[in-house]
Amino acid sequence: MTEAASPTRPGAVKSADRTVELLEVLSASDRRLTLTELHRELSYPKSSLYMLLQTLVNRGWVEVEPDRGTYGIGVRALLVGTSYLDHDPVVRAAIRVMEQVRQTVNETVHLARLDGADVVYLASRESEHHLRVVSRVGRRLPAHSTSLGKAVLSTRTPQEVDALLPEELKPLTPNTVVERGPLHAQLAGFRALGYAHEREENTPGLGCFAVALPYRNPVLDAMSCSVPLGRLDEDHERQVIGALLDAARTITELLRQFGR
């Protein structure tokens, strides 16, 4: 669940603002929500909230289970999200290169973008070793806990990082770096290396390496490769890092060539 809805922002159209907030609450929930739960979360007048839900149901943005009276995100949201990916020049430039990296190292490769204090996954190419049932595309994770986020954060100054991240950094695993001092030291090291890495900071048993895609300033995008620790020896680590660095150069050149 998200935090309680904020007041209407200056210059915002109230109905549009409420519609977006409602969709964000539904998309962030791991289950369908009742009208009462949505009212508690958003604090809109219950009658207005009900009418807004009915409008979104009729347009396909929200789905309802009539027997339970619960609401969830609808198929229209998926169609718009897919359109975003289809038209994004970074995704289009990166897909073929990601597939080359996957074939070279036979590990799972991700592309993600910084959004606030999180990274949002835009594309994935799965390793042949592991067939993921649910795609990570569209999911978000705290930037401080992922190699993708660390790669992007390492391109910022410590002051910019502090302004971007929340005051309290929450751990996803016992290994997640959540103290400001160690995090800044880690980012400084990654800045010098030209790539970021983490071990079991967001998923037990996994190590991950990532490179930023510096085709624009500020940097927002990064590519990563996840490797189970059981097969992460020094030779494979060098292979993964080399493949990612080559991929970052290729994608950056492509985007600059086409004037992204």
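Everything below is about the structure shown above.
None of these values were measured; they are calculated from a predicted model.

1. Description of the sheet that holds strand E2 (residues 62–65)
Strand order in the open sheet formed by three strands is E1-E3-E2, with antiparallel pairing between adjacent strands. Edge positions in the sheet fall to strand E1 (33–34) and E2, since each has one partner strand and no second. Its contacts with the sheet place helix H1 (residues 14–28) against E1, E2 and strand E3 (70–73), and it is angled at close to 95 degrees to E3.

2. Overview of unusual backbone geometry
Looking along the chain, the bond that leaves Asn217 and enters Pro218 is cis, with omega of 5 degrees. Tracing the backbone through its elements, the reader meets Pro218 in the loop between strand E8 (206–212) and strand E9 (221–228). Although it is not a glycine, Glu200 adopts a positive phi angle of roughly 60 degrees. Along the polypeptide, Glu200 turns up in the loop between strand E7 (196–199) and E8.

3. Points about the pairing of strand E5 (residues 118–125)
Across the eight residues of E5, six count as buried, placing the element largely inside the fold. Sheet topology places strand E4 (residues 108–115) next to E5; seven bridges connect them, and they run antiparallel. Along E5, the bridge assignment pairs Asp115 with Asp118. Two successive antiparallel strands, E4 and E5, enclose a turn made up of two residues, where Gly116 displays a positive phi of approximately 70 degrees. By the bridge criterion, three bridges tie E5 to strand E6 (residues 140–142) in an arrangement that is antiparallel. Bridge assignment links Asp118 to a residue of E6, and that residue is Pro142.

4. Here we look at a nonpolar patch on the surface
Judged by side-chain polarity, Val75, Leu78 and Leu79 come together as a nonpolar surface patch covering roughly 280 Å² of accessible area. With respect to the secondary-structure elements, Leu78 resides in helix H4 (residues 75–87). Residue classification places Leu78 among the exposed positions, given a relative accessible area of 53%.

Conventions and cut-offs
Residues numbered from 1 in each chain as written. Predicted model: local features only at pLDDT ≥ 70, side-chain atom pairs only at ≥ 80, totals over all residues. Heavy atoms only, no water. Pairing = 2+ DSSP bridges. Helix = DSSP H or I, 4+ residues; strand = E, 2+ residues; numbered from the N terminus. Contact = heavy atoms within 4.5 Å. Axes fitted to C-alpha atoms, helices over the stretch in contact; angles between N-to-C directions. Buried < 20%, exposed > 50% of the residue type's maximum accessible area, 1.4 Å probe, protein only. Patch = residues over 30% accessible without salt bridge, like charges linked within 9 Å, V, L, I, M, F, W, Y side chains within 5 Å. Areas by Shrake-Rupley, 256 points an atom, 1.4 Å probe, with all protein chains shown as cover. Salt bridge = Lys/Arg side-chain N within 4 Å of Asp/Glu carboxyl O.

Fair warning: the whole summary comes from geometry, so function is off the table for now.
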